[in-house]
Structures are given as C-alpha cells and as structure tokens.
Amino acid sequence: TVSVLYWCKVRMSAIRALLVALLFPLHAWAATITLRVTTGSDWLAGSSYTFTPTVHSSSASCTATSISDPDGDDVNTVTASCSFAAADISQVRIPNMGTDAWQVVKMELQINGAWMLLWAVNLSPPAFETWIDDDGGSPEHATGIWEMLPLRMHFTTQSITNAESVSTFTPSFISTSSATCAGTSIAAPAQGASYWSVAGCWALSTLARVEITAPSSDSWEVQKASIDRGGGTLEQWVATNQAPPSLTPIIDDDDLTEYKKAVLQAPNIKVRIVTAATPASADCIYTFAPKFISKTSVVCDGSVVVAPGLGSSILSLGVCSFPPEDLERVEISQQGNDGWDISELYVEVASVEQQWWAINESPPARSTVVDGDGATRHLKAIYAIFITPAPATPAPETPAPPTAQPTLSPPTTAPSTPAPATP
C-alpha cells in the first residue's frame, strides 16, 4: 500500500509540473508580425506626419512601429508584437494624422516567410491602393483599412495582339448556392501582364465558379487564370464554356470567336504530360484533347493541349463527375496525319503524382507515339496505372473420389432334391 501511494504522489507531481510548463509559456507567448508598406509616387504621398499601423484579430489588437515622414515610392517595414499569429489577422488599420494625406499603394503581410497582399476595403470595390486623408477635400479616407480577402483570382494575359484590350472586365464570383459577388475590375489589360480580381463576400470553400462576361466587342485572352488557395498556392482553373475545355480562356464578342462569357471552374482531374525531348517518328505541332475515362466508362474531356513542342511538360485538367480515384485510363487520339511523342504521363491523386503506363504498347511502356502517317500507326495513346500482376497461385489439389468397389452378392445355394425312395 505504501508503494502504491508513493507511486501516485510521484505521478501527480509530474503531471502538475507538466501542466505548469505547458500553461505558463502560453500565457506569456507573443508573435512578431511584420508588415511591408509601400507609399505612392504622388506628391501627396510625401508627408511630414507620423503614421502608426494597428493590427487586429477577431478578439485582440496590437500596435506596430510607426512610419515617420514617408516619401513617395518608399518601402517601409514595420513590426508588431501581438498575442495572435499572422494567419489570424482580420484587419490592418492606419488612421489619418491631422489633415495631411498619405497614398499607400501596397500593404503586405509576411506569413511563413512569404509576403501576402492585403486589400484596401475602405474602398468600394476593394483595391491595391488607398488614401489616408482628412483635409476636407477628395478623397476623404480618414482611415486606411486592409484585409486579406478570401476570394482572390490571379490572371496572366496572353502576349499576343488580341490580349491588349481597351475595355474593363469585371469577374463575378459565384457560390455553390448561386449567389453572385462582383470582384474588383480589371481595366484595359495589356499583353503579358498580371492582374488580380478579389472579393470578400464569403469563404473560398463555398466558391463554385468565376464568370467573366465580355463588356463590348473587345476581347481579352488569358494565358492562365488561377485561384489563390492561401499560403502562396495558386491553383490553375479551367474554362469550361469552351469545347473542349481550355486553360487559356477567351472573353470576346466580336463575331469571330464568340466566347461572350468565360466560365472558370476548379479541376478535380489533373494530368501532366511530358513530351519527348528529341523527335522520334512524330513531332508535336498538332492540338490534342485528352479524354479521361472512369472505371464505370464515364467520359470526361480534358483541357486541350495546343502544339506543346518537344521537351514540354504540360497540364490537361478536367472538371469531371468522378473523383481521381475512379479514373481508369487517359486516352489521346491522333489528329490528322501528324504525331505527338509522349515521354511520360502522370496523374495526380491525393496531391501525389502517379506515373501511368501506355498500355497501347506491348509490353506496356512509359512512352508512346500518337501518329497516323503510316510509320507507327498508334492512332491512340491509352494510359493506365501499371499494376504488377500477382504470381499465379496453383489451384489446390482436389482428392479423387474413392474407386467404387463391386458389390458382392451372397452365394446362391441350389435347393437339394431328395433321392427317390427305394422300394
């Protein structure tokens, strides 16, 4: 009994010490939050005042180091010691100081070593830059307020003539319940440029699609449209209004292409195709549209791949009714007489790429050629996951049934005939 009591006392002391060690650092814990503030080149950005950002979470706030006498095109880095982490920030605010004005063109927050762009929500719609001003004139933004809005789509335009536009394009973020929220507009996008459109209506998890309607007869050709998943992760989306689907949406109303609306959706099937680095019996100048086929024979179009060239790594994405776990094969049919050298093909499942095999080759191979000019005659590449066949297991021996034994009849005794009596 004494031994048991002593053991319990020691165990309780250890538990109490552990709880104190855990709880005390939590009470005294503080995080250093870093902001990067870029001022504008407008002459009003040169200010003789001192501006002090405050950082807010949903339940607490803290004060950052001040910025004194900011000049145009300055980059000011400030820090704040807060009781919450950078990922928990809800707002950054900078109140006006007196009647002076200050133009802020960019507010950035450092999270896990990466700089995340915040948006001035004291403007409608939100924008990169804002004014902090209270001089009785225009604009009157007495307080700059920045947030990390949940809906953020990044666009990169084509570096071709039609990508230069004089129109203004306004993406619409549409939820799973068909509610619509206007994103920030993109005015006169230029060739080969990058743009953001953001909105703060609801959480990213409820976003179903993004739509962009052509405002006039002008056009806008997008090289890539990607949604920001957070933490610097951009996920490329697919224009499903085009047939086959495309990764390079066109918004146009000039009677030529007639894509009056781009409909962008998140892909659930992701296939990466690597073309051969050197030509074999085919080259890579044609356009191919892979098809994704499920285990139940449901066919889903992958995004079109346009003349990838040799030694390319390109994506074909699909918005399909089945998950990647149900994908059984990827088929790429020959187009015209030209060919396409495929070196490798990968399918992403649960964020991990799996290398698949060309089963149109015998035996299956990593590479194949899709060609119709009489040389290889592979009119279709068929890729599937390679499964090593299990060794054949011999069937268990079944004992032979016992041999039937002849049935023995009992001996038949002839009836005895009595001898005749002798007279």
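Residues numbered from 1 in each chain as written. Predicted model: local features only at pLDDT ≥ 70, side-chain atom pairs only at ≥ 80, totals over all residues. Heavy atoms only, no water.

### Quick notes on the state of the cysteines
- The final tally for this structure, using the stated rule, is three disulfides.
- Among the cysteines of the chain that take part in disulfides, numbered as they appear in the sequence, the pairing is 1-2, 3-4, 5-6. (Disulfide = S-S within 2.5 Å.)

### Points about the nonpolar core
- Among the nonpolar cores identified, the biggest contains 26 residues, and I33, V55, W102, M107, L109 and W146 are the most heavily contacted of them.
- Breaking this core down by element, the ones donating at least two residues are strand 1 (31-39), strand 6 (75-82), strand 7 (91-95), strand 8 (102-111) and strand 9 (114-120).
- When residues of this core are assigned to their parent elements, the largest contribution, five residues, is made by strand 8.
- Setting aside anything within four residues of it in sequence, one finds L109 in contact with I33, T34, L35, A86, I89, A114, W115, M116, L118 and M148. (Core = buried A, V, L, I, M, F, W, Y, C linked by side-chain atoms within 4.5 Å. Buried < 20%, exposed > 50% of the residue type's maximum accessible area, 1.4 Å probe, protein only. Helix = DSSP H or I, 4+ residues; strand = E, 2+ residues; numbered from the N terminus. Contact = heavy atoms within 4.5 Å.)

### A look at the packing of aromatic side chains
- Across all of its chains, the model carries five aromatic pairs by this definition.
- A ring pair is formed by F51 and W102, whose centres lie 4.4 Å apart and whose planes are at 25°; its orientation type is stacked. A residue pair is termed long-range when its members are at least 10 positions apart, and F51 in strand 2 (residues 50-51) and W102 in strand 8 qualify at 51 residues. Taken as a pair, F51 and W102 share a single burial class, namely buried.
- Among the aromatic side chains, those forming a connected cluster through ring pairs are F155, F169 and W220. (Phe/Tyr/Trp six-rings, centres within 6.5 Å; stacked < 30°, edge-to-face > 60°.)

### Topic: the environment of A120
- Tracing the backbone shows A120 in strand 9.
- Taking the C-alpha atoms as reference points, A120 and E147, 27 residues apart in sequence, are found 6.7 Å from one another.
- Excluding anything up to four places from it in sequence, A120 contacts P126, A127, E129, T130, I145 and W146.

### Quick notes on the sheet that holds strand 21 (residues 238-239)
- Read across the open sheet, the five strands follow the order 15-14-18-23-21; overall the sheet is antiparallel. Both outer strands of the open sheet, strand 15 (180-182) and strand 21, are each paired with one neighbouring strand and no more.
- In the sheet, strand 14 (residues 172-175) pairs with strand 18 (residues 207-213) via four bridges, with the strands oriented antiparallel. What sits directly across from S175, in strand 18, is L207. (Pairing = 2+ DSSP bridges.)

### Topic: the environment of F386
- The residue F386 is located in the segment after strand 34 (380-385) in this model.
- Considered as a pair, F386 and R366 are 20 residues apart in the sequence and their alpha carbons are 9.7 Å apart.
- If we skip the residues at most four places from it in the chain, F386 touches W357 and P364.

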